[in-house]
Amino acid sequence: MLSERDYQISPIVQESVMHNSKSLQNLQSLSASLFGISAGILGLESYSGFLFYIFFSLLTSFLVYLVRVAPLSSSSPKEYKDNKGTGNGLGSGVGGVTKYFRGGFEFWAGGIMNGFAGFVLTWTLFYGLVRA
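Here the structure is a predicted model, which means the values were calculated and not measured. (Residues numbered from 1 in each chain as written. Predicted model: local features only at pLDDT ≥ 70, side-chain atom pairs only at ≥ 80, totals over all residues. Heavy atoms only, no water.)

**Brief notes about the packing of helix α2 (residues 14–42) against helix α5 (residues 116–131)**
For any two helices packed against each other, the geometry is given by the interaxial angle and the distance between the axes.
Part 1 of the argument: α5 packs onto α2 with a crossing angle of 30 degrees between their chain directions and a minimal axis gap of 7 Å. As the angle between them shows, α2 and α5 are arranged roughly parallel. The handedness of the crossing between α2 and α5 is right-handed. Packed against α2, whose contacting residues are A32, S33, F35, G36, I37, A39, G40, I41 and L42, the element α5 presents G118, F119, T122, W123, F126, Y127, V130 and R131 at the interface. (Axes fitted to C-alpha atoms, helices over the stretch in contact; angles between N-to-C directions. Helix = DSSP H or I, 4+ residues; strand = E, 2+ residues; numbered from the N terminus. Parallel < 35°, antiparallel > 145°, perpendicular 65-115°, else oblique. Left-handed = near helix turned anticlockwise from the far one by under 90°. Contact = heavy atoms within 4.5 Å.)

The following block contains the structure:
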């Protein structure tokens with residue numbers, strides 16, 4: 001069990017970061033299935049379907065950042081900086097996504113690969129149902 005002094009030295013709690021990452025992964029998997037349903041109903045094929053998925057996956061990450069991460073980042077203390085000396089940013093520093101998630105790449109692009117199988121499954125299912 002970490003003491004209060006340990007939390008002051010390293011204010012990032014790994015259990016919370018793991019919980020946030022798991023919640024984000026669940027959201028991305030669910031939204032990928034919904035995007036697959038949408039792409040199938042719209043009758044998208046080939047590159048247009050994949051671009052639809054990539055665009056909306058990045059949009060989902062941006063909306064999560066805008067609604068959940070950015071308000072918390074702006075209220076955090078400004079004296080904390082990451083090991084590169086940068087301040088609050090979209091993917092860096094204590095005020096960025098690395099304070100609440102494992103890393104910037106996992107937050108912004110991890111959902112594209114996490115939900116890809118669910119997207120393709122529901123895309124082909126609903127495309128076949130609509131076109132049959």
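**Concerning the packing of aromatic side chains**
Part 1 of the argument: All chains considered together, the criterion is met by 11 aromatic pairs.
Part 2 of the argument: Through a chain of ring-to-ring contacts, the aromatic side chains of F50, Y53, F116, F119 and W123 assemble into a single cluster. (Phe/Tyr/Trp six-rings, centres within 6.5 Å; stacked < 30°, edge-to-face > 60°.)

**Focus: the side chain of T122**
Part 1 of the argument: If you trace the backbone, T122 turns up in helix α5.
Part 2 of the argument: A polar contact of 3.1 Å, which involves the side chain of T122, links it to the backbone oxygen of S33.
Part 3 of the argument: In this structure the side chain of T122 is engaged in a polar contact, spanning 2.9 Å, whose partner is the backbone oxygen of G118.
Part 4 of the argument: Excluding anything up to four places from it in sequence, T122 contacts A32, S33, G36 and I37. (Polar contact = N/O pair within 3.5 Å; in protein donor to acceptor, adjacent residues only side chain to side chain.)

**Digging into unusual backbone geometry**
Part 1 of the argument: Positive phi is not limited to glycine here, since S46 has a value of about 55 degrees.
Part 2 of the argument: In this structure, S46 sits in helix α3 (residues 46–74).

**What about the packing of α2 against helix α4 (residues 104–114)?**
Part 1 of the argument: Orientation of α2 relative to α4, taken along the N-to-C sense of each, is 45 degrees, at an axis distance of 9 Å. Here α2 lies oblique to α4, going by the angle between them. In this structure, α2 meets α4 at a crossing whose hand is right-handed. Counted together, S21, L24, Q25, Q28 and S29 of α2 and E106, F107, G110, G111 and N114 of α4 form the full contact between these two elements.
Part 2 of the argument: Residue classes in the contact of α2 with α4 are distributed as two nonpolar, seven polar and one charged. (Nonpolar A, V, L, I, M, F, W, Y, C, P; charged D, E, K, R; others polar.)

**Structural notes on α5**
Part 1 of the argument: Taking 1.5 Å as the rise per residue, α5 with 16 residues should run 22 Å; its terminal C-alpha atoms sit 22 Å apart, in good agreement.
Part 2 of the argument: Buried within α5 we find F119, T122 and W123. Viewed along the axis of α5, the buried residues span an arc of 110 degrees, placing them on a single side of the element. Counted as exposed and oriented over 90 degrees from the buried face of α5: A117, L121 and L129. (Expected span 1.5 Å × (residues − 1). Buried < 20%, exposed > 50% of the residue type's maximum accessible area, 1.4 Å probe, protein only. Arc of directions from axis to C-beta.)

**Here's the deal with the UniProt feature "transmembrane region" (unreviewed entry) in the protein chain**
Part 1 of the argument: In the numbering used here, UniProt assigns the "transmembrane region" (unreviewed entry) feature to residues 51–70 and 107–130.
Part 2 of the argument: Helix makes up 100% of residues 51–70 and strand 0%, whereas the separation of the span's terminal C-alpha atoms amounts to 26 Å.
Part 3 of the argument: A helix fraction of 96% and a strand fraction of 0% characterise residues 107–130, whose end C-alpha atoms lie 33 Å from each other. (UniProt positions renumbered as here; feature names shortened; annotations may be inferred.)

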